[in-house]
Amino acid sequence: MKNNYIYADNAATTQLDKEAYEAMTPFLLEHYANPSQPYSFSRASKNALKEARRTIAECIGAEYEDEIIFTSGGTESDNWAVKICSGDSGDVITSAIEHHAILNACRSLEKHNRKVDYITVDSKGVIDIECLERMISNSTSLVSIMLANNEIGTIQPLQYVSEITREHGCLLHTDAVQAVGHIPVDVTKLGVDLLSASAHKFNGPRGVGFLYKKHNISIAPFIDGGKQEYNLRAGTENVASIVAMSVALKNNCLKIKENEIKLEYLESQLISDLNSYGLDFIINGSKNKLPGNISISFKGCEGESLLHRLDLMGICVSTGSACDSVNTQISHVIKAINVPVEYANGTIRITIGKYNTLEEMRRVAYCLNKIIKG
Ligand code: PLP
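First things first, this report covers the structure right here in the doc.

What counts, and at which threshold
Residues numbered from 1 in each chain as written. Predicted model: local features only at pLDDT ≥ 70, side-chain atom pairs only at ≥ 80, totals over all residues. Heavy atoms only, no water. Axes fitted to C-alpha atoms, helices over the stretch in contact; angles between N-to-C directions. Helix = DSSP H or I, 4+ residues; strand = E, 2+ residues; numbered from the N terminus. Parallel < 35°, antiparallel > 145°, perpendicular 65-115°, else oblique. Left-handed = near helix turned anticlockwise from the far one by under 90°. Contact = heavy atoms within 4.5 Å. Nonpolar A, V, L, I, M, F, W, Y, C, P; charged D, E, K, R; others polar. Pairing = 2+ DSSP bridges. Near = heavy atom within 4 Å. Polar contact = N/O pair within 3.5 Å; in protein donor to acceptor, adjacent residues only side chain to side chain. Areas by Shrake-Rupley, 256 points an atom, 1.4 Å probe, with all protein chains shown as cover. Disulfide = S-S within 2.5 Å.

## Some details on the packing of helix H11 (residues 256-276) against helix H15 (residues 358-373)
And then number 1: Where H11 contacts H15, the axes come no closer than 9 Å and their chain directions differ by 25°. One way to sum up the angle between H11 and H15 is to call them roughly parallel. Crossing angle aside, the handedness with which H11 passes H15 is right-handed. Listed contacts from H15 to Tyr265, Leu266, Gln269, Leu270, Asp273 and Leu274 of H11 are Leu358, Met361, Arg362, Val364, Ala365 and Leu368.
And then number 2: Looking at the contact of H11 with H15, its residues break down into nine nonpolar, one polar and two charged.

Shown next, in the form of structure tokens:
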């Protein structure tokens, strides 16, 4: 069903893929048996879980399907990695521009007198590898660096990070919530031990995700209870959503290049329209970034007011990370990359998705020009 909004906030959440939706309904209405039960009625849901695990493992280059542990989404996977997988006493290193699911999990460790160091980033949002080299030591148990940033889209050089963590024998986690299903992600090539992903960021349903855990590492459970998820994450599985997540991921991965070309085209058209209106703006982030993720700062404007005026015109964008849109201050990411003050306040995030059209992006540029020029 089509609504009347122009939805340009695809980093906040995405429209459910139709095939994913169709794949989930039989597990709500027909094959609703608890997959842990031994009777034959449970077979369909049990097999569906296995199939979904295998599909997801293949999509991210995991070697074994039991490396995929289903969770409720990115926040849970991130909390598990930071609070549990870092062990009882080791130090943690992360970056200054992580999502709050990581940063607040780190704050929680700090409250328990655990040491956390925050790697700085350059003006494009790329982590300072030398800073990591200085911080890492034999007492580091976990390094957690996001694969792609949710505000500015910058992709981090994870391979370099993994060379360093391997030398020091500590675990490497990546929050790949914005990357999975949008750019090629291969856990083996990246050299990560743990990876967080969330279905609703890649056209799956909200409230479901997974944690990839390399087979040769052992981690403690996040939720105690029954024996689900290899005794690591108790609770009856959300079979329908898990199935839909696997279909959505497979569909996005099959069309990753096609989607990238489309999103980059829409992005360049939007920026070229804004330029042709003569607006004064800068684009934040690195050239190596998520396709369709535009963090844009307009000189002398208020991001918050741009968001509300666009809303009145039926256009959805964000001022920073979705969870931060109520917070009118300049985001920690925009601060960390040192956007000049005269631009920083006028920052909005436009994130284009696979269902957006050229017509919609032209309308976004037209409305921005109308609002800014008055
Ligand atoms: N990590 C990143 C980079 C995100 O962008 C988000 C959501 O915005 C999360 C984690 C949290 O994911 P979820 O909404 O599935 O809890």
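From this point, things continue past the structure.
## Overview of the sheet that holds strand E6 (residues 171-175)
And then number 1: Taking strand neighbours across the sheet as the criterion, the seven strands line up as E2-E8-E7-E6-E5-E3-E4 in an open arrangement whose pairing is mixed. Both edges of this open sheet fall to strand E2 (68-71) and strand E4 (116-119), since each of them pairs with a single strand only. If you compare each strand with its neighbour and ignore which way they point, the axes differ by 20° on average.
And then number 2: Packing against the sheet, helix H3 (residues 43-59) makes contact with E2 and strand E8 (209-213), and its axis sits at approximately 115° to E2.

## So, the site of the ligand
And then number 1: As a structural note, the neighbourhood of the ligand is formed by 13 residues, with Thr75, Asp175, Gln178, Ser198 and Lys201 the closest of them.
And then number 2: Measuring from an oxygen atom of the ligand, one finds a side-chain N or O atom of lysine 201 at 2.6 Å.
And then number 3: Contact with the protein chains removes 89% of the 390 Å² of surface that the ligand exposes when unbound.
And then number 4: With three residues, helix H4 (residues 74-84) is the single largest residue contributor to the shell around the ligand.
And then number 5: Grouping the constituent residues of the shell around the ligand by class yields two nonpolar, eight polar and three charged.

## Topic: the state of the cysteines
What is meant by a disulfide is a covalent connection between two cysteines, made through their sulfur atoms.
And then number 1: Within this structure, the stated rule accounts for zero disulfides.
And then number 2: Cysteine 106 supplies the cysteine sulfur nearest to cysteine 131, a cysteine that is in no disulfide, at a spacing of 14 Å.

## Focus: the environment of glutamine 228
And then number 1: If you trace the backbone, glutamine 228 turns up in helix H9 (residues 228-231).
And then number 2: Sequence separation of glutamine 228 and phenylalanine 70 is 158 residues, and the distance between their C-alpha atoms is 9.6 Å.
And then number 3: The residues contacting glutamine 228, other than those within four sequence positions of it, are Ser36, Arg233, Ala234, Gly235, Thr236 and Glu237.
And then number 4: A distance of 3.1 Å separates a polar atom in the side chain of glutamine 228 from the backbone nitrogen of glycine 235.

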